[in-house]
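Notes for the structure review
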Amino acid sequence: MTTLISHSAAWNALKTHQQALAQVSMRDLFAQDSQRFERFSVEACGLLLDYSKNRLTGETITKLQQLAIEANLPDGIARMFRGEKINHTEQRAALHIALRNRSNRPIMVDGKDVMPEVNAVLAQIRQFSNSVRDGEWRGYTGKPIESIVNIGIGGSDLGPAMVARALKAYHHPRLRRYFVSNVDGTHLAQTLAKVDPETTLFIIASKTFTTQETLLNAHSARQWLIEKLGDEKAVAKHFVAVSTATQKVTEFGIDPANMFAFWDWVGGRYSLWSAIGLPIAVMIGMENFEQLLAGAHELDTHFETAPYDKNLPVLMGLIEVWYSSFFEASTHAVLPYDYALKLFSPYLQQLIMESLGKHVNCEGNPVDYSTCPIIWGAPGNNGQHAFYQLLHQGTHLVPADFIIAVESQHDLPGHQDAVLSNALAQTYALMMGRTADETRHALDSKGLSGELLAQQLPHRVFQGNQPSNTLVYQKLTPQVLGALIALYEHKIFVQGLCWGINPFDQWGVELGKQVANTLLPALQETAGAHKEHDSSTEGLLKYINAHRRHSFDSVT
Ligand code: F6P
């Protein structure tokens, strides 16, 4: 017996419904219903979600909710909040909600309440971040810290880097932050060129403490520091680690007293709320970091308790399932009209695609429907002058999230009016488009006629019917940002439940790592010695080895 959700009655009802709705334009839906915005918008946790500019009706939402019930959404949500091992391929709970559980209610894993440990690490973060900010924590030569260099990759980089960038308005004035992730020496070298060893603190962030990129960067940074300060003892004052692997941290040479722990039930891409958020806490202060946690906690409670037709992550998750699996939309754009969210799309790329880029369901059966769309995007106005052409007149269906701050973090006269008018104009234009008749009329009023008008006409028509969600908040405070991130985390969980896939493992990253390990020695051997790979890989290896030797020869 198959367990695919696509064989359910709810799925089939949506399929039939989609065929009817595929021909309907949102322009008509708005014309027929003056209350469409009121009907299809919800406000919670400081976020307004307007989902009226989507290709759906009330019937669609009802049918999607039936799918959610069919997929056991209520049970799935309850199991996550109870701390059950829902990440079944790794036999782990997925408890990012415990990291920001400001109610402090007990959350049990293997019969043990995790909250005392969570609170103890938060206290350690508070103590440490205060001492760095106050200038009490000194470098080896006695100077206060001025530069924080986080060395990590993936979830140990993207989340903290995004939040630290988004909350720049809250940074301590003495401190600068840098994030080094790429194993290409250029990244570390360029960062080290900007900082002073006497006033730099390195945070080595790695859940496993086995990640090649992070360890190589950490070793090189350590070497650099010792060379510059002339004493290995300096490491204790300039290196701290964030990890679940105490033994490996100690082996690296970092005192366990300078280590911040977290737990295997925190997924890397869900970890910014844990000690992985240490650079955030140092930059913005513990009170603000706790506001970030509080915003996420408020959203967690909303997710757990709000009815589905008023539940932000449930609605956004179901709408994404609607487009991916029923309209075959293969991409999803994230377009913040808030420059502080410059790194939000790259952050979401890992969060969403590493979670949902799967092709088998929890039982190991290949699915027969599309799952995760490709996530991409850039700050709104920049995108308008780059890729929006494709959104307006291309051939792809591209659902998009427009993220809008009513107030900017900086108050330069006239700027925010321009941002807001552009954002609203784009969602309107994408939805409405411009028909041939309207275009003819517009060209006519500009004085075009005859053959020239006929020639221009098809190029000036906009198909419209491009769907979007609009998320609006007052201002990007730590609390609002916490809620916004948690919204996307739970939206992913909803999609995972509907598609029957596990959003908390990431086996797809393993193969490349294993092959890289086999190629590493081959790069150090003579060209052509290896015959293990396909002719392309072997040919490239041979070419690169020959050219590397050539450049070594010309240096020596
Ligand atoms: O390779 C992918 C990945 O495992 C991510 O899931 C993770 O966020 C990243 O690598 C970094 O892992 P770690 O924190 O263990 O260094």
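Scroll up to find the structure.
Residues numbered from 1 in each chain as written. Predicted model: local features only at pLDDT ≥ 70, side-chain atom pairs only at ≥ 80, totals over all residues. Heavy atoms only, no water.

**Observations regarding the overall build of the chain**
- Each helix and strand counted, the chain has 24 helices and 13 strands in total.
- The C-alpha atoms of the chain give 26 Å as radius of gyration, which agrees with the globular expectation for 556 residues (24 Å, within 12%).
- Its C-alpha atoms give the chain principal-axis dimensions of roughly 80 × 60 × 60 Å.
- Here the chain, with 556 residues, has 52% of them falling under the buried criterion. (Helix = DSSP H or I, 4+ residues; strand = E, 2+ residues; numbered from the N terminus. Rg over C-alpha atoms; globule rule 2.2 N^0.38 Å. Buried < 20%, exposed > 50% of the residue type's maximum accessible area, 1.4 Å probe, protein only.)

**Points about the sheet that holds strand 13 (residues 468–473)**
- Overall, mixed pairing links the 6 strands, which are arranged 1-2-13-12-10-11 in an open sheet. In this open sheet, the two edge strands, each paired with only one partner strand, are strand 1 (41–44) and strand 11 (374–376). The average undirected angle you get between the axes of adjacent strands in this sheet is 15°.
- As defined by bridge partners, strand 10 (residues 331–337) adjoins strand 11 across 3 bridges and the pair is classed as parallel. Considered in strand 11, the bridge of Thr331 is made with Ile374. (Pairing = 2+ DSSP bridges. Axes fitted to C-alpha atoms, helices over the stretch in contact; angles between N-to-C directions.)

**Structural notes on the pairing of strand 2 (residues 47–50)**
- Sheet topology note: the strand 1/strand 2 ladder contains 4 bridges and is antiparallel. When the bridges of strand 2 are listed, Glu43 appears paired with Leu48.
- Inspection of the sheet shows strand 2 paired to strand 13 by 3 bridges, in the antiparallel sense. Paired with Asp50 across the two strands is Thr470, which belongs to strand 13.

**Here's the deal with unusual backbone geometry**
- Positive phi outside glycine occurs at Asp110, with the angle close to 50°.
- Locating Asp110 in the fold gives a position in the loop between strand 3 (108–109) and strand 4 (112–113).
- The phi angle at Glu328 is positive, at roughly 55°, despite the residue not being glycine.
- In this structure, Glu328 sits in the loop between helix 15 (312–326) and strand 10.

**Some details on the site of the ligand**
- In the neighbourhood of the ligand, 14 residues make up the surrounding shell, with Ser156, Ser206, Thr208, Thr211 and Glu354 lying closest.
- In this structure, Ser206 approaches the ligand through a side-chain N or O atom, which is 2.6 Å from an oxygen atom.
- For the ligand, an oxygen atom lies 3.2 Å from a polar atom in the side chain of Gln350.
- Within the complex, the protein chains bury 87% of what would otherwise be the 400 Å² of accessible surface of the ligand.
- Along the lines of polarity and charge, the residues of the shell around the ligand split into 2 nonpolar, 9 polar and 3 charged. (Near = heavy atom within 4 Å. Polar contact = N/O pair within 3.5 Å; in protein donor to acceptor, adjacent residues only side chain to side chain. Areas by Shrake-Rupley, 256 points an atom, 1.4 Å probe, with all protein chains shown as cover. Nonpolar A, V, L, I, M, F, W, Y, C, P; charged D, E, K, R; others polar.)

**Remarks on the pairing of strand 5 (residues 147–151)**
- Burial of strand 5 is extensive: 5 of the 5 residues sit out of reach of the surface.
- Going residue by residue along strand 5, you find Ser147, Val149 and Ile151 tucked away on one face and Ile148 and Asn150 tucked away on the opposite face as well.
- Strand direction decides the pairing type here: strand 5 and strand 6 (residues 176–180), joined by 5 bridges, are parallel. Paired with Ile148 across the strands is Arg177, a residue of strand 6.
- One crossover worth recording links strand 5 to the parallel strand 6 by way of helix 8 (residues 158–166), and it is right-handed.
- Of the pairings in the sheet, the one linking strand 5 to strand 7 (residues 200–205) comprises 5 bridges and is parallel in character. Within strand 7, the residue paired with Asn150 across the bridge is Ile203. (Right-handed = clockwise from strand over helix to strand, strands pointing away.)

**Section: the nonpolar core**
- If you look at the biggest cluster of nonpolar residues, it comprises 124 residues, and the most contacted ones within it are Trp265, Phe344, Leu481 and Tyr488.
- No other element matches helix 22 (residues 478–499), which puts 14 residues into this core.
- Beyond its immediate sequence surroundings of up to four residues, Phe344 is in contact with Met162, Val334, Pro336, Ile403, Leu484, Ile485 and Tyr488.
- In terms of nonpolar packing, the next biggest core, distinct from the first, is built from 25 residues, Ala221, Leu225, Ala234 and Phe252 among them. (Core = buried A, V, L, I, M, F, W, Y, C linked by side-chain atoms within 4.5 Å. Contact = heavy atoms within 4.5 Å.)

**Focus on the packing of aromatic side chains**
- Overall, the coordinates contain 21 aromatic pairs when judged by the stated rule.
- Ring geometry for Phe202 against Trp224: centres 6.0 Å apart, planes inclined by 80°, an arrangement best described as edge-to-face. Highlighted residues: Phe202 in strand 7 and Trp224 in helix 10 (residues 212–229), separated in sequence by 22 residues.
- On the basis of relative accessibility, which here comes to 0%, the residue Phe202 falls in the buried class.
- Here the aromatic residues Trp11, Trp322, Tyr323, Phe326, Phe327 and Tyr369 are joined through ring pairs into a cluster of three or more.
- Stacked on the ring of Trp137, the Lys or Arg Lys237 has its end atom at 4.8 Å from the ring centre. (Phe/Tyr/Trp six-rings, centres within 6.5 Å; stacked < 30°, edge-to-face > 60°. Lys NZ or Arg CZ within 6 Å of the ring centre and 35° of its normal.)

**Looking at the side chain of Arg100**
- Tracing the backbone shows Arg100 in the loop between helix 6 (96–99) and strand 3.
- A distance of 2.7 Å separates polar atoms of two side chains, one belonging to Arg100 and the other to Glu489.
- Residues in contact with Arg100, not counting those within four places in the same chain, are Trp273, Leu293, Ala296, His297, Asp300, Ala486, Glu489 and His490.

**Overview of helix 15**
- With 15 residues, helix 15 should reach 21 Å at 1.5 Å per residue; the first-to-last C-alpha distance of 21 Å fits that figure.
- Counting buried positions along helix 15 gives 15 out of 15 residues, so the element sits mostly inside the fold.
- Trailing helix 15 by a residue or two, Glu328 shows a phi angle of about 55°, which is positive. (Expected span 1.5 Å × (residues − 1).)

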